[in-house]
Amino acid sequence: MHAYAANVYTSVIEELNRGKQRKFIAVEQEFFRLWWSRVATDTQKHQVHQLLKEGRLEFIIGGQVMHDEAVTQIDDQILQLTEGHGFLYETFGVRPQFSWHVDPFGASAATPTLFALAGFNAHLISRIDYDQKEDMQKAKKLQFVWRGSPSLAESQEIFTHVMDQYSYCTPSYIPFSNKSGFFWNGFAVFPNPPEDGVYPNMSVPVTDTNLNLYAQTMVANIKQRAAWFRTQDVLWPWGCDKQFFNSSVQFTNMDPLLAYINNHSEEFGVTVEYATVGDYFRAIHDRDVTWSIRNQQDFLPYSSEPFQSWTGFYTSRSSLKGIARRASSLLYAGESMFTQYVRKNPRGPLAQPESLEQLQQLRWAVSEVQHHDGITGTESPKVRDMYMNNLMEGMLAVEKLMASIIIDIFWAEKKEEPQTTVFDRDSGSNEVTPCAVVYNPLAWTITTLVTVPVGSPGVTVLDEMGHAVPAQIQNSTEFPSTYDLYILATIKGLSFRRYYIKATSKFEEVHQESTSIARVFQFGRKSAKSSHPSGKRLFPVANKCYSILMDQDTNLMHSITERESNETVQVTQQFLEYKVNADLEHGPISDNYLFTPNGSAVLASDVVRLEIVTGKLVTEIRQYFYRNFTVKDYTYVAYSRIYNIPEGYDGKLLCHRIEQEYRVGPLELNREAVLRTSTDLNSLQFLYTDNNGYQIQRRTYKSYTNNTVARNYYPMVQTAFIEDNKTRLVLLSERSHGVSSQGNGQIEVMLHRRLWNNFKWDLNYNLTLNDTSVVRPTFWLLLGPKSVITALYQMSRMALEHRPVVIFGQLSVNSQISPGYVQKDAPALPPNLHLQILSIPGWRYSSNHTEHLQNLQKGHRKEGGPDLNRVLLRICHLYEVGEDPDLSQPAAVNLKSLLQSMGTVAVVEERSLTGTWDVKDLNRWRWKTSQREGQRLKGFRRSSRTALGNSTFILHPKEIKTFFIYFQEP
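These numbers were taken from a predicted model, which means no experiment stands behind them. (Residues numbered from 1 in each chain as written. Predicted model: local features only at pLDDT ≥ 70, side-chain atom pairs only at ≥ 80, totals over all residues. Heavy atoms only, no water.)

(A) Region of interest: the packing of helix H2 (residues 29–38) against helix H3 (residues 42–54). At a closest axis distance of 9 Å, the pairing of H2 and H3 adopts a crossing angle of 135°. Viewed along their axes, H2 and H3 adopt a mutual orientation that is oblique. Of the residues in H3, those in contact with Phe32, Trp35 and Trp36 of H2 are Gln44, Lys45, Val48 and His49. Classifying every residue of the contact of H2 with H3 gives four nonpolar, two polar and one charged. (Axes fitted to C-alpha atoms, helices over the stretch in contact; angles between N-to-C directions. Helix = DSSP H or I, 4+ residues; strand = E, 2+ residues; numbered from the N terminus. Parallel < 35°, antiparallel > 145°, perpendicular 65-115°, else oblique. Contact = heavy atoms within 4.5 Å. Nonpolar A, V, L, I, M, F, W, Y, C, P; charged D, E, K, R; others polar.)

Next up, the structure:
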């Protein structure tokens, strides 16, 4: 902001007003909003309004950031887009209609669907495989209509433009000088601008002497690019990273150059004009061209050169990736808890703008980290620390809000307020607290095990009725002096339960039956390369769904049997490491972005120690991996848990998963650590991975001349699996990773990276990734017949993403819920629908577009605090067409019934994805394709067939529907 972004907006606004022909596009709203609120004068704000009205300033994308496409989860993409769109619409009445996704490292097939749902008319990308781009250029296939979702298909297709080989930067080579061209303001200097105004690498100014030479260079490049496209219109982006911070210098040189070319247009065969992205897309939309259709295949992974495969960032800074997703999950829970509180207690002490600000703080932090140099781990340590601090501060604010809500609900007579905290497993808290309030943020009833740290094994657990609750206590895996208390909890959707943790006497400890104390069985260190024949000395660890056979000779897993089908799959899991080069003189290197291994992965551990912890509810396999017999400390740990569900509980999801937590690091320098799961499934080396937790891509293993290992790595945001014709093995994750199948029946996940190299650019920006941290990722493993796993994995991945929030407090067993907040008629969706968001956005604009524009024109923006009456609701269908015979069917939801616990629904408005359009008014462009030749092209409109009455809606496979809900005043 200080050295660059603020100067862009200040100088560009000034320069646009000096020339009516000048235009400019702006993308990321975080920078613009900071400028708008902290820097811009009233005069500059008035000028922005006028420039938008004239179409000379255009907001593109309009999200808080240009989000990464490989490692971000779709709910977080929608959040950051909604945050930016809400600001732009409320402030200016504008709704972005085009994308500019020029810098993410590869392109996901979920993104075109996302932008189509947001009301966009065209999509623009740049970074795709260098060899694929070259082929598309030659064939003039850089533009197409992309049907990113196989289920939504034509209804959410979008015209897509791929930037040519010059990407989004102006070509800097000029043949008449050894200095760069077209970048007259030079490069921005951090942190303080130079006092003399002379920046590094300022281009040769345009003069009468070189004007013709500049024009010839520019025209030659335009004509070169024109040969790669099908219309006479060429998009020529002027700028690059950190440009236009001194735009007076830029425009002063651009103006005469453009004028000269136009004055000699007959000679050059070219005319040029300032334009926005919207101008360009309108021009080619008006052309009579029939466009090809691209299916749901994405553009991942991305390689920029033969040895530059951008697959390392799928795992870089794993701790940041984990915190970002935890923060998102906490925000999701806080939003729905606050919304219910306000609806049930509209005059409650927390139904205030200050409470909303606590949520908004985390919305901002979660939005900004979705940046393509944020959650990707491709920032310097200093910037990483900023992201981490903003996330942690935002989480603390939401934790305080949730704790305050619980206090207010249960302490109607507050003589002294108890201390409450949200439990975070990584925080190391070991205080015994009398009550744990457990909130389920999903709109389904869940049965799960909640883990609470306690200081003594002598405890029993009671529910709010005083009844004993099944529980188990065992030695903590994290803190030697504490114990892990597992509580079996069944919680309805968007509801909470209270569990009182009561210390017991020695007599009670012996005789009480509800809390079992686990037993530990120790197995000594064994060589993972045992000379004994494999499978001779096996013992089972089992629950009702799985029987896991462990090999006593190696202390490794041997096989897993899914008990209902009696299908057995040989399964072995081991940690391996890729070694990478650090010296450019010796070959290609790995860094924050790139993965360039020296060869195949090698075993990271020769020796494994094993513990089995058994109890009535939980059986835990603890494996400790050592480099050899002589070292004292282990390098890796794997904890695998299965659950035994008592009669009377619906434990289908809980029983059908093997929960695995790993402890990885600190790594040795220039090592990349993977967990390889090897099976006897005949997978033919096909791998399935998700695009942003929204849809699945089938990955075919490909051989390349160079860098084959790295180019067969893919991003795994939530889901990856392998299968044969009968059985599927699924891994679900709570953070993003790189994943690959380097052999038949194998799936390997990259868990951690620690690198250093001598590449000057990396050193200058501190992007060598010397990450000495210990990371603790979690996976859920599901295994069984394909039909069984298909029916379970969607709800399971959501249950992992949105685990219950545990809030500690001092509540007596007789605590009364405050009047008006009785939990009844809990929201419940069918298993194929997911509640993506239930929140109070706080926007003050009228949802009637004409009325909103009139208010803006009159300067009548709603004064005062945020609007707490409008509720934002978003629901998505989890399954694809034909994926499951039952769960792939359309599903109906009655919103009045769904939300009845919050009051009487008065008005339901169906909106675009980010809320800025009424779907009845959303009329997206259609583009002529071979399938529609000869048809009269009308815009896309949402079909009214999806609404049954004014509050019942049908969601078809993969549909996402967004609503504004207004309740009757009590």
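(B) Structural view of the state of the cysteines. Under the counting rule described, the total for this entry stands at two disulfides. Shown here is the disulfide that connects Cys545 with Cys655, its sulfur atoms set 2.0 Å apart. On the sign convention where negative means left-handed, the S-S torsion of about 125° between Cys545 and Cys655 marks this disulfide as right-handed. You can see Cys545 sitting in the loop between strand S18 (538–542) and strand S19 (546–551) and its partner Cys655 sitting in helix H15 (residues 652–655), a full 110 residues away along the chain. Residue Cys545 shares its accessibility class with Cys655, and that shared class is buried. The connectivity of the disulfide bonds within the chain can be written as 1-2, 3-4, using the sequence rank of each bonded cysteine. (Disulfide = S-S within 2.5 Å. Buried < 20%, exposed > 50% of the residue type's maximum accessible area, 1.4 Å probe, protein only.)

(C) Spatial organisation of the sheet that holds strand S16 (residues 515–517). The four strands lie next to each other as S11-S14-S13-S16, forming an open sheet whose pairing is mixed. Each having just a single partner strand, strand S11 (446–454) and S16 make up the two edges of the open sheet. In this sheet, adjacent strand axes meet at a mean angle of 25° when their direction is disregarded. Where strand S13 (residues 471–475) lies against strand S14 (residues 483–491), five bridges are found, and the strand directions are antiparallel. Within the sheet, the bridge partner assigned to Ile473 lies in S14 and is Leu485. (Pairing = 2+ DSSP bridges.)

(D) Fine view of the pairing of strand S21 (residues 567–579). Pairing of strand S20 (residues 556–562) with S21, which is carried by four bridges, proceeds in the antiparallel orientation. Counterpart to Thr561 in the pairing with S21 is Thr568. If you look at the hairpin formed by S20 and S21, you'll find four residues sitting between the two strands, and Asn566 has a positive phi there, around 60°. Direction of pairing for S21 relative to strand S27 (residues 671–679): antiparallel, over a ladder of nine bridges. Residue pairing for S27: Phe575 is matched across the bridge by Leu675. By the bridge criterion, two bridges tie S21 to strand S22 (residues 602–603) in an arrangement that is antiparallel.

Geometric values such as these leave the question of function open.
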